[in-house]
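Residue strings, one per chain:
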There are 2 protein chains.
Amino acid sequence: MIATGTLYIISAPSGAGKTSLVKSVLAGDDQVRVSVSDTTRVMREGERDGVDYNFVTMQTFDRQIEEHVYLEYADVFTNKYGTSKNWVDAQLASGTDVILEIDWQGAQQVRKLVTDAISIFILPPSQQELRSRLQGRGTDEQAVVDHRMENSVGEIEHYAEFDYLVINDDFEVALQELSCIFIAQRLRLSQQRLRHDKLLTDLLVK
Amino acid sequence: MIATGTLYIISAPSGAGKTSLVKSVLAGDDQVRVSVSDTTRVMREGERDGVDYNFVTMQTFDRQIEEHVYLEYADVFTNKYGTSKNWVDAQLASGTDVILEIDWQGAQQVRKLVTDAISIFILPPSQQELRSRLQGRGTDEQAVVDHRMENSVGEIEHYAEFDYLVINDDFEVALQELSCIFIAQRLRLSQQRLRHDKLLTDLLVK
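The rules behind each value
- All residue numbers refer to position in the chain's written sequence, counted from 1.
- Whichever chain is written first is A, and whichever ligand is written first is 1; the rest continue in order.
- Residues qualify for local features only when their pLDDT is at least 70, as the model is predicted, and side-chain atom pairs are given and counted only at 80 or more; totals for whole chains, interfaces and linings, by contrast, use all residues.
- Side-chain descriptors were evaluated using all non-hydrogen atoms of the structure, hydrogens and water having been removed beforehand.
- Definitions used throughout: a 1 Å grid over protein atoms alone; a cavity as a set of points that fits a 1.4 Å probe which cannot get out; a pocket as an open set with protein on both sides within 12 Å along at least five of seven lines; a lining residue as one with an atom within 4 Å of a point.
- Grid points are joined across faces, edges and corners, and a volume is the space filled by probe spheres set on the points.
- Think of it this way: any DSSP run of H or I at least four residues long counts as a helix, any run of E at least two long counts as a strand, and we number them from the N terminus.
- Residue classes follow a fixed rule: Ala, Val, Leu, Ile, Met, Phe, Trp, Tyr, Cys and Pro count as nonpolar, while Asp, Glu, Lys and Arg count as charged, and any other residue, Gly among them, counts as polar.
- Each pair of aromatic rings taken from Phe, Tyr and Trp, with Trp reduced to its six-membered ring, is defined by centres within 6.5 Å and is described as stacked if the planes are under 30 degrees apart, edge-to-face if over 60, and tilted in the remaining cases.
- A ring is considered to have a charge above it if a Lys NZ or an Arg CZ atom is located within 6 Å of its centre and within 35 degrees of its normal.
- Burial classification: accessible surface area is computed with a 1.4 Å probe over protein chains only, and a residue below 20% of its type maximum counts as buried, one above 50% as exposed, and the rest as partly exposed.
- Here a polar contact is recorded for every N or O atom pair within 3.5 Å, except that within protein the pair must consist of a potential hydrogen donor and a potential acceptor, and residues adjacent in sequence are included only if both atoms are side-chain atoms.
- Throughout, a contact is declared for two residues whenever any of their heavy atoms are within 4.5 Å.
- A pair of strands counts as paired when DSSP detects no fewer than two bridges linking them.
- Among buried residues, those of type Ala, Val, Leu, Ile, Met, Phe, Trp, Tyr and Cys that are joined through side-chain atoms within 4.5 Å constitute a nonpolar core.
- Only one rule defines a salt bridge in this text: a Lys or Arg side-chain nitrogen within 4 Å of an Asp or Glu carboxyl oxygen.
- Read the arc as the range of directions from the helix axis to the C-beta atoms.
- Axis lines are fitted through C-alpha atoms, for helices just across the contact stretch, and the angle between N-to-C directions can take any value from 0 to 180 degrees.

A.B. asks: Could you clarify how one ought to interpret the layout of surface pockets in this entry?
C.D. replies: The space that makes up the largest pocket amounts to roughly 1,400 Å³. Every residue lining the largest pocket is counted, 41 residues in all, and those nearest its centre are Lys 18, Tyr 53, Glu 101, Ile 102 and Asp 103 of chain A. For the lining of the largest pocket, the elements supplying multiple residues, two or more each, are α1 (18–27), β5 (70–76), β6 (79–84), β7 (97–101), α4 (104–113) and α6 (142–156) of chain A. Looking at the lining of the largest pocket residue by residue, the classes come out as 17 nonpolar, 13 polar and 11 charged. In this structure, the second largest pocket encloses a volume near 1,100 Å³. For the second largest pocket, the lining is made up of 31 residues, of which Lys 18, Tyr 53, Glu 101, Ile 102 and Asp 103 of chain B are closest to its centre. Listing elements by their share of the lining of the second largest pocket, those giving two or more residues are α1 (18–27), β5 (70–76), β6 (79–84), β7 (97–101) and α6 (142–156) of chain B. The leading source of residues in the lining of the second largest pocket is α1 of chain B, at five residues. Residue composition of the lining of the second largest pocket, by class: 13 nonpolar, nine polar and nine charged.

A.B. asks: In this structure, what is going on with the packing of aromatic side chains? I would like to understand it.
C.D. replies: In this description, an aromatic ring pair is defined by two values, namely the gap between the centres and the angle between the planes. Following the criterion strictly, the structure yields 14 aromatic pairs over all chains and no others. Sitting over the ring of Phe 162 of chain A, Arg 111 of chain A keeps its end group 4.7 Å from the ring centre.

A.B. asks: Where do I start with the side chain of Glu 47 of chain A in this structure?
C.D. replies: Residue and element names in this part refer to chain A. Relative to the elements of secondary structure, Glu 47 occurs in the loop between β3 (38–39) and β4 (54–55). Judged by relative accessible area, Glu 47 falls into the buried class, the value being 17%. Reaching out from Glu 47, the side chain makes a polar contact with the side chain of Arg 41 at a distance of 2.8 Å. Other than its neighbours up to four places away in sequence, Glu 47 contacts Arg 41, Val 42, Asp 52, Tyr 53 and Phe 55.

A.B. asks: How should I be thinking about the pairing of strand β1 (residues 7–11) of chain A in this particular structure?
C.D. replies: Remark: a regular strand shows side chains that alternate across the two faces of the sheet. Residue and element names in this part refer to chain A. Burial of β1 is extensive: five of the five residues sit out of reach of the surface. As paired strands, β1 and strand β8 (residues 118–123) are joined by four bridges and run parallel to one another. Residue pairing across strands places Ser 11 opposite Phe 121, the latter belonging to β8.

A.B. asks: Would you mind going over the nonpolar core with me for this structure?
C.D. replies: Side chains of nonpolar character tend, in soluble globular proteins, to be buried together. Residues Ile 120, Leu 178 and Phe 182 of chain A together with Ile 120, Leu 178 and Phe 182 of chain B are the most contacted members of the largest nonpolar core, which totals 46 residues. Not counting the four nearest positions on each side in its chain, Ile 120 of chain B is found in contact with Tyr 8, Ile 9, Ile 10, Ser 11, Phe 162, Tyr 164, Val 166, Leu 178, Ile 181 and Phe 182 of chain B. Among the nonpolar cores identified, the runner-up in size contains 27 residues, and Val 110, Phe 121 and Leu 165 of chain A together with Leu 189 of chain B belong to it.

A.B. asks: Explanation requested: the pattern of salt bridges in the structure shown.
C.D. replies: Pairs can form between side chains of opposite charge whenever their charged atoms are close. What the rule picks out here adds up to 20 salt bridges over all chains. Where Arg 41 of chain B meets Glu 47 of chain B, a salt bridge forms, and the shortest distance between an N and an O atom there is 2.8 Å. On the basis of relative accessible area, Arg 41 of chain B is assigned to the buried category, the value being 8%. Overlapping salt bridges, with partners in common, bring together Asp 29, Asp 97 and Arg 186 of chain A in one network.

A.B. asks: What should I look at first to understand the pairing of strand β9 (residues 164–167) of chain B in this one?
C.D. replies: Residues and elements named next belong to chain B. Alternating residues of β9 divide into Tyr 164 and Val 166 and Leu 165 and Ile 167, and every residue in both groups is buried. Judged from the four bridges that link them, strand β8 (residues 118–123) and β9 form a sheet pairing that is parallel. What sits directly across from Ile 122, in β9, is Val 166.

A.B. asks: Before we go on, may I ask you to explain helix α2 (residues 58–66) of chain B in this structure?
C.D. replies: An α-helix turns once every 3.6 residues. As a result, residues three or four positions apart point the same way. Residues and elements named next belong to chain B. Those residues of α2 lying buried are Phe 61, Gln 64 and Ile 65. The buried residues of α2 occupy an angular sector of 105° when projected down its axis, which confines them to one face. The exposed set on the far side of α2, more than 90 degrees from its buried face, consists of Gln 59 and Glu 66. Looking at the packing, one finds that the buried side of α2 touches β3 (38–39), β5 and β6. Remark: His 68 follows α2 within two positions and exhibits a positive phi of approximately 55°.

A.B. asks: Explain the sheet that holds β3 of chain A here, please?
C.D. replies: The strands that make up a sheet pair up through hydrogen bonds in the backbone, lying either parallel or antiparallel. Residue and element names in this part refer to chain A. Taking strand neighbours across the sheet as the criterion, the four strands line up as β4-β3-β6-β5 in an open arrangement whose pairing is mixed. The two strands at the open ends of the sheet, each matched to only one other strand, are β4 and β5. Here β3 runs beside β4; their pairing, made up of two bridges, is parallel. Following the sheet pairing, Thr 39 is matched in β4 by Phe 55. Lying on the sheet, helix α3 (residues 85–93) is in contact with β5 and β6; it crosses β6 at an angle near 25°.

By themselves these figures say nothing about function.
Dropping the structure here:
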């Protein structure tokens, strides 16, 4: 199987603006999709199976762990969340890039299995700005915000494990930067050879 | 010396549109400059020393070859052309990216000396389009155009030695792609660490 798509890992601390950035990348680029995770948690109102998550039973999830179905998975409280390898492989094989929005632990798992995955870490422009974003509407107690800050700093500690860093100060700049990582990757020799095989042959005819 | 700029090699067959593309990249990006080559040939009307070329004597050029001043050089008929290492190093050290517009032979020389140089090859969208661009105003004899085509195909044979391929079909698309290679490179961990050292330290303060 010749994969022509690229697998991207995008991680960030809460408050860095990852979700909005990824949403905007998807809106402007039809060659990339976000992976839909499997989860054992109960479907919430407004969620759709196969769109927001693939909702599976704990029994199915555990069997699939045994069967090495997951590129990465995590226990979050009493529920499990995971990225199924099959769907990702099918997308890559069809030439579509895939984004995994996962945390640094998930990123570590995926890197071991997909050595040519490209990982991107999104950072806030300052602690002050991060705190202000985490404060939400300002109604939360100081202790709650402090706890969120602690979690975010704990995430940020892993920035050096990533291939690219994007600083989300001005949203439009960060969006353009993120898009450029995708575009540049498609211009690499190995990718262009697969996509423009015929042109490269034709150009060399004497 | 910690270099923060990146050295780019841009090569292309005649007719691919390299010169116009590079000019447009420079116009929209103040963090990159094109290297000015040394040459032994006579200055032509309208040319400026230090801008179009650094005009040097054959004696100086040959001494500088001995002194390993050149990243790459070439004999073209009775003249020599070369890229001086010192100027390039100074630019990179100041955080400026440098473009070398050189052919595949020059590219081979530079890769040996600067292993982290990034090389980009620009291709025309078809042989037919290439021939039409090489025909100029259509007043040239068939034999002349054939000879240019042969030279171009000889250049194109080396495309697989480059890191990136950009196909110049639609100029604006090719320009955006080329710009993205530069932007993405600056987002790499190693580059961002140098540029945003203070931010990365500040974000981790508890």
